[in-house]
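Spelled out from the first residue to the last, the chains are:
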Amino acid sequence: MDSIKRYLEGWKTIPNFISFFRILLIPVFGVLFYKGELVWALVAIVVSGLTDFVDGKIARKFNQVSELGKMLDPLADKLTQITLAILLFLEFNASADKIMHAFSYVFLVFLGKEAVMVIFAVIMIALGMVPSAAEIYGKVATFVFYGVMVALFLFGPEVGVFASAFTLPNVVCIVLVSISAVLTVVAFVSYIPDVVRQVKEKYFKK
């Protein structure tokens, strides 16, 4: 109960409302993508990425950092990345191109990493611990992920809005997504030391 109260203290901040907005954008993006409205789906992702950048700036500049915000901001990132990973996996997995079909499984790296982090964050909160804040590796991985996703939605095969004018070669798509996947794994590993530290302090401290 005390941990819940901690998250509710000072929660009414602009950054938190922005994070709520980003979470609400996720189903909007999903519906637009499913209906083939790729231009508007791209707009939704760009807006999500830009507001992700803005909310942190606002929180620090106007001293609106809150415990809830520390949880909501990464949660919005993770849910967005999970949604993107699922939709792009399904899209490329259904491709008649064997190379792109095989390539689709790279998106499961993003899905697996974010799903595990969401589960562990829920467990940590339930145990009274604080999920690790994004380190430089996590921030870089998120920035690259959004950049690669925008590139795919602009010029990628199958999903590119302007693919009819110019389509990124398969090998370029594979390299870009693979780089993002590697950075995602590095970011995941970077969170482990803090989790181990908190577990030791809570359960093994003499």
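None of the values given here were measured: they were computed from a predicted structure.

**Topic: the overall build of the protein**
When helices and strands are tallied, the protein shows eight helices and zero strands. When the helices and strands of the protein are placed in sequence order, the string is α-α-α-α-α-α-α-α. The C-alpha atoms of the protein give 18 Å as radius of gyration, which agrees with the globular expectation for 206 residues (17 Å, within 12%). In terms of overall dimensions, the protein has C-alpha extents of about 60 × 35 × 25 Å along its principal axes. Scored against the burial criterion, the 206 residues of the protein give a buried share of 39%.

**Focus on the confidence of the model for the protein**
Confidence in the prediction for the protein averages 85 pLDDT; 91% of positions are at 70 or higher. When pLDDT is averaged over each element of the protein, helix H5 (residues 98-103) comes out on top at 91 and helix H1 (residues 2-8) at the bottom at 57.

**A few points about the environment of Val-159**
Following the sequence through the fold, Val-159 ends up in the loop between helix H7 (136-155) and helix H8 (170-203). The buried category is assigned to Val-159, whose relative accessible area is 1%. In the structure, Val-159 is positioned 71 residues away from Leu-88 in sequence and 8.5 Å away in space, judged by C-alpha atoms. Excluding anything up to four places from it in sequence, Val-159 contacts Phe-33, Leu-38, Leu-88, Glu-91, Phe-92, Leu-152 and Phe-153.

**Focus on the pattern of salt bridges**
Within this structure, the stated rule accounts for six salt bridges. Glu-114 serves as the salt-bridge partner of Lys-113, at 2.9 Å between the closest nitrogen and oxygen. Both residues of the pair, Lys-113 and Glu-114, belong to the buried class. With a closest N to O distance of 2.5 Å, Arg-197 and Asp-194 form a salt bridge. Of the two residues, Arg-197 and Asp-194 both sit in helix H8, three residues apart, roughly one turn of that helix. Under the relative-accessibility criterion, Asp-194 is labelled partly exposed at 23%. Among the charged side chains, a network of salt bridges with common partners joins Arg-22, Asp-73 and Asp-77.

**Notes on a nonpolar patch on the surface**
A cluster of nonpolar side chains, Val-116, Ile-119, Phe-120, Ile-123, Leu-127, Tyr-203 and Phe-204, forms an exposed patch at the surface whose accessible area comes to about 690 Å². By residue number, the principal contributor to the nonpolar patch is helix H6 (residues 107-126), which donates four residues. Relative to the elements of secondary structure, Ile-119 occurs in helix H6.

**Concerning the packing of helix H4 (residues 67-93) against H6**
Direction vectors running N to C along H4 and H6 enclose 150°, while the axes themselves pass 8 Å from each other. With respect to each other, H4 and H6 are oriented roughly antiparallel. When you trace H4 past H6, the crossing you get is left-handed. Here H4 contributes Met-71, Lys-78, Gln-81, Ile-82, Ala-85, Ile-86, Leu-88, Phe-89 and Phe-92 to the contact with H6, which in turn contributes Phe-107, Leu-108, Phe-110, Leu-111, Glu-114, Ala-115, Met-117, Val-118 and Ile-125. When its residues are assigned to classes, the contact of H4 with H6 shows 15 nonpolar, one polar and two charged.

Calculation rules
- Residues numbered from 1 in each chain as written.
- Predicted model: local features only at pLDDT ≥ 70, side-chain atom pairs only at ≥ 80, totals over all residues.
- Heavy atoms only, no water.
- Helix = DSSP H or I, 4+ residues; strand = E, 2+ residues; numbered from the N terminus.
- Rg over C-alpha atoms; globule rule 2.2 N^0.38 Å.
- Buried < 20%, exposed > 50% of the residue type's maximum accessible area, 1.4 Å probe, protein only.
- pLDDT = per-residue confidence, 0-100.
- Contact = heavy atoms within 4.5 Å.
- Salt bridge = Lys/Arg side-chain N within 4 Å of Asp/Glu carboxyl O.
- Patch = residues over 30% accessible without salt bridge, like charges linked within 9 Å, V, L, I, M, F, W, Y side chains within 5 Å.
- Areas by Shrake-Rupley, 256 points an atom, 1.4 Å probe, with all protein chains shown as cover.
- Axes fitted to C-alpha atoms, helices over the stretch in contact; angles between N-to-C directions.
- Parallel < 35°, antiparallel > 145°, perpendicular 65-115°, else oblique.
- Left-handed = near helix turned anticlockwise from the far one by under 90°.
- Nonpolar A, V, L, I, M, F, W, Y, C, P; charged D, E, K, R; others polar.

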